[in-house]
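# Examination of the molecular architecture
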Amino acid sequence: MNTINSSEAFETNIETWRNSHATGEAFVRPTVYARRAVPDWLVERVQKIDRLGQLEANWDSYGARKVQPLSIQYAKSALCNLGVIVGVRSPTISATPDGFVSLGWGNGEATMDLDILPDGRMAFSYLNEADSSKDIESTTSDLGRVIALLTQW
Amino acid sequence: MLGTDQILDDEFLLRRLHPPEIAPESVVPRSDGGFRATSVRMRLREGEEGLSVTRAVLTSPRQLLNLLLLQNLSPAGWRVCRFTVEEVRSLGLMVRPDPLPEDAGHCLIVGTSEVAYTKKMSSKLAEFTRVLSPQEII
């Protein structure tokens, strides 16, 4: 669990995500806090996502597809929303062989891959090293669900 | 001649990783030092039959990188990660020989009727990988 410094953060209204992206899936939504300032890493990470658009097909030598422009746009939007949440750290920026932007996090105990699909949905794979019963692989439009995973480990 | 249908547990498998100059990040630090491939680099494309790898006993890391020339790509900056057949099999996946004219050691890592090659599998496989140092690219 992240330690929250109340002088740096304030509770934000996660109902926004719940209402706008509700999927009907049941899970515990934690209280989340928004940073008062944009984190240092966010601009550089967003620029890195933009550069994925310059890749030609087969950039990995194994037949990877060009990264889809809509995936790039949705990924930048998702990361800007995630970046202001306390506890969400700088992700690795990558692209899948299918041409989707993929954001990755790891803390030694768990890993999370978040693929941004060109229709705005997010395919995520959460793996818990210590307890595989907590592993989740799913697709969602609900950024709140992603935030819940990224702020609870 | 070493048979292609008899792949031993202790054999090393190799896979290329694109250079850091290309925007997507392909490696992350290993917990015990060095680097490993990211899980995304071990993913299959939609419709892809299996993950392309090469048997180190038949194709060296240097040869694997030189194959890039056939695709009009420069090997400069590319890296190679390595893991064992035993590690692949420990996940329930199979290593199937798929020799190519230009790469005798080419294989595919595929799922079975019991175990599918899922994203979870690609993550677990990535954990096994170790990126070779420039001195090991021979």
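What counts, and where the lines are drawn
- Residues numbered from 1 in each chain as written.
- Chains lettered and ligands numbered in written order.
- Predicted model: local features only at pLDDT ≥ 70, side-chain atom pairs only at ≥ 80, totals over all residues.
- Heavy atoms only, no water.
- Salt bridge = Lys/Arg side-chain N within 4 Å of Asp/Glu carboxyl O.
- Helix = DSSP H or I, 4+ residues; strand = E, 2+ residues; numbered from the N terminus.
- Axes fitted to C-alpha atoms, helices over the stretch in contact; angles between N-to-C directions.
- Parallel < 35°, antiparallel > 145°, perpendicular 65-115°, else oblique.
- Contact = heavy atoms within 4.5 Å.
- Nonpolar A, V, L, I, M, F, W, Y, C, P; charged D, E, K, R; others polar.
- 1 Å grid on protein atoms, 1.4 Å probe; cavity = no way out; pocket = protein on both sides within 12 Å on 5 of 7 lines; lining within 4 Å.
- Points joined across faces, edges and corners; volume = space filled by probe spheres on them.

### A closer look at the pattern of salt bridges
Oppositely charged side chains can pair when the atoms bearing their charge come close. Residue and element names in this part refer to chain B. Inspection of the entire model under this criterion finds 16 salt bridges over all chains. Across the pair R55 and E11 runs a salt bridge, and its minimum N-O distance is 2.8 Å. Here R55 is found in strand β4 (residues 51-55), whereas its partner E11 is found in the segment before β1 (12-17), with 44 residues between them in sequence. For R96, the salt bridge is made with E49, and the minimal N-O distance between the two is 2.4 Å. On the criterion of sequence distance, the pair formed by R96 in strand β6 (residues 94-97) and E49 in the loop between β3 (35-37) and β4 is long-range, its members being 47 residues apart.

### Description of the packing of helix α2 (residues 40-51) of chain A against helix α3 (residues 69-83) of chain A
Residues and elements named next belong to chain A. Interhelical geometry of α2 versus α3 gives an angle of 170° and a closest axis separation of 9 Å. As the angle between them shows, α2 and α3 are arranged roughly antiparallel. Residues W41, L42, R45, V46, I49 and D50 of α2 touch α3, and the partners they reach there are I72, A75, K76, L79, C80 and G83. Within the contact of α2 with α3, the residues separate by chemical class into eight nonpolar, one polar and three charged.

### Re empty space enclosed by the protein
Counting across every chain of the model gives one cavity of 30 Å³ or more. As a volume, the largest cavity reaches approximately 30 Å³. Its residues placed into classes, the lining of the largest cavity shows two nonpolar, no polar and four charged.

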